[in-house]
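The chain contents come next:
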Amino acid sequence: MSRQAFEFSKPGLDEVIADDLARATATAQDAEIIAGTAASGRTRGLLNWTGILSVTGTVTNQSTFLTGLWQAYSALAGTSGFGASTVDEYVTILHPRRAAWLLAGVSGTLPASQPLVPGRLVVSAGVPTNLGAGTNEDVAIIVERSQVVVLERGLRIRVFEQVGSGTMTVRVQANTSTALLVKNATAVAKVTGLTAPTGF
């Protein structure tokens, strides 16, 4: 940013830029936790651990999609997986478009006492939407919480006033470090084959 914008803006433009950088960093971190490749210093994301369980789902309608989610839970909690049998020990991670499609289609059709998805629903834009042969599929991820640990060094935002002193500019930088530890890969399941929902 220009030195003048840094000195004269109210609130400080550094605060506005820091907020924008924090949001962008969180979005990138989300994507790494879900689908990081572990290449070139990147985090190995949930989808790239060897040995996670995979269930093929269908998206004819919300009911068939939910069947796939519960089949994945059954595999995790049953003989194939390492997960706990208590449904509250899980999180189900969906892309925002998949969550919107699901919630729009089942609103008011389930008893309040029945969980919609295994465990807590987490909506994450980090879930890829370019998978499958048509590059238009996403996945649903079900994780047994006690078997996955996210390690993070808090976000650090720094303002460098001297870096661009010759050109009358100021640099604002944000960085963080993230690592994902999956204690047992069979405590993670993905539901594949989820083509893009119509209208979402």
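Use the structure listed above.
Keep in mind that this is a model prediction, so the values were computed, not measured. (Residues numbered from 1 in each chain as written. Predicted model: local features only at pLDDT ≥ 70, side-chain atom pairs only at ≥ 80, totals over all residues. Heavy atoms only, no water.)

**Description of the sheet that holds strand E1 (residues 53–56)**
Strand pairing in a sheet takes place through backbone hydrogen bonds and is either antiparallel or parallel in direction. The cut-off we apply is this: Strand pairing is assigned whenever DSSP detects at least two bridges linking the two strands. Working definition: helices are DSSP H or I runs of at least four residues, strands are E runs of at least two. Numbering for both runs from the N terminus. Here the axes come from fitting lines to C-alpha atoms, over the contacting stretch only for helices, and the angles between their N-to-C directions go from 0 to 180 degrees.
A sheet is described by the order of its strands in space; here 5 strands give the open sequence E1-E7-E4-E2-E3, paired in mixed fashion. Edge positions in the open sheet fall to E1 and strand E3 (120–123), since each of these has one partner strand only. With strand direction ignored, the average angle separating the axes of adjacent strands in the sheet is 25°. Where strand E2 (residues 90–94) and E3 come together, 4 bridges link them in parallel fashion. What sits directly across from Ile93, in E3, is Val122.

**Digging into the packing of aromatic side chains**
What characterises a pair of aromatic rings is the spacing of the ring centres plus the angle enclosed by the ring planes. Heads up, the condition is: Stacked, tilted and edge-to-face are the three classes assigned to paired rings of Phe, Tyr and Trp, where Trp is represented by its six-membered ring and a pair needs centres within 6.5 Å; plane angles under 30 degrees give stacked, over 60 edge-to-face, the rest tilted. Relative accessibility decides the category of a residue: with a 1.4 Å probe and only protein chains considered, values under 20% of the type maximum give buried, values over 50% give exposed, and everything between is partly exposed. Placement of a charge over a ring requires the Lys NZ or Arg CZ to be within 6 Å of the ring centre, with the centre-to-atom vector within 35 degrees of the ring normal.
Summed over the entire model, instances satisfying the criterion amount to 3 aromatic pairs. The interplanar angle of 70° and the centroid separation of 5.7 Å between the aromatic rings of Phe65 and Trp101 together place this pair among those described as edge-to-face. Of this pair, Phe65 sits in helix H3 (residues 62–77) while Trp101 sits in helix H4 (residues 96–106), placing them 36 residues apart in sequence. For the pair formed by Phe65 and Trp101, the shared burial category is buried. Ring centres of Trp70 and Tyr73 lie 5.4 Å apart, and the angle between their planes is 80°; this geometry places the pair in the edge-to-face category. One end of the pair, Trp70, and the other, Tyr73, are both in helix H3, 3 residues apart, so they sit about a helical turn from each other. Each member of the aromatic cluster is reached from another via a ring pair, and the members are Trp70, Tyr73 and Tyr90. Over the ring of Phe65 we find Arg98, and its NZ or CZ is 5.6 Å from the ring centre. Geometry around Trp101 places Arg98 over its ring, the cationic atom sitting 5.1 Å from the centre.

**Examining the nonpolar core**
This is how it is decided: Joining through side-chain atoms within 4.5 Å is the link that ties buried Ala, Val, Leu, Ile, Met, Phe, Trp, Tyr and Cys residues into a set, and such a set is a nonpolar core. Any two residues whose heavy atoms approach within 4.5 Å at even a single point are treated as in contact.
If you look at the biggest cluster of nonpolar residues, it comprises 23 residues, and the most contacted ones within it are Phe65, Leu66, Leu69, Leu102 and Ala140. With 7 residues, the top contributor of residues to this core is H3. Filtering out sequence-adjacent residues up to four positions away, Phe65 remains in contact with Thr58, Val59, Leu94, Arg98, Trp101, Leu102, Ala140 and Leu194. Listed in part, the 16 residues of the second largest apolar core include Ile93, Val139, Ala185 and Val188.

**Focus: H3**
Here is the rule we go by: In a helix, the anticipated span is given by 1.5 Å times the number of residues less one. Polar contacts here mean pairs of N or O atoms no more than 3.5 Å apart (in protein, one a potential hydrogen donor and the other a potential acceptor; neighbouring residues in sequence count only if both atoms are side-chain atoms).
Relative to the 22 Å expected for 16 residues at 1.5 Å per residue, H3 spans 22 Å between its end C-alpha atoms, a close match to the ideal helical length. Check the buried side of H3 and you find it contacts E1, E2, H4, strand E4 (137–144) and strand E7 (188–195). Measuring from the backbone nitrogen of Ser63 back to the side-chain oxygen at the start of H3 gives 2.9 Å, which picks out Asn61 as the cap.

**Here we look at the pairing of strand E5 (residues 148–164)**
Across 12 bridges, the pairing between E5 and strand E6 (residues 169–182) is antiparallel. Bridge assignment links Val148 to a residue of E6, and that residue is Val182. Here E5 folds back onto E6, and the loop between the two strands holds 4 residues, one of which, Met168, carries a positive phi near 60°.

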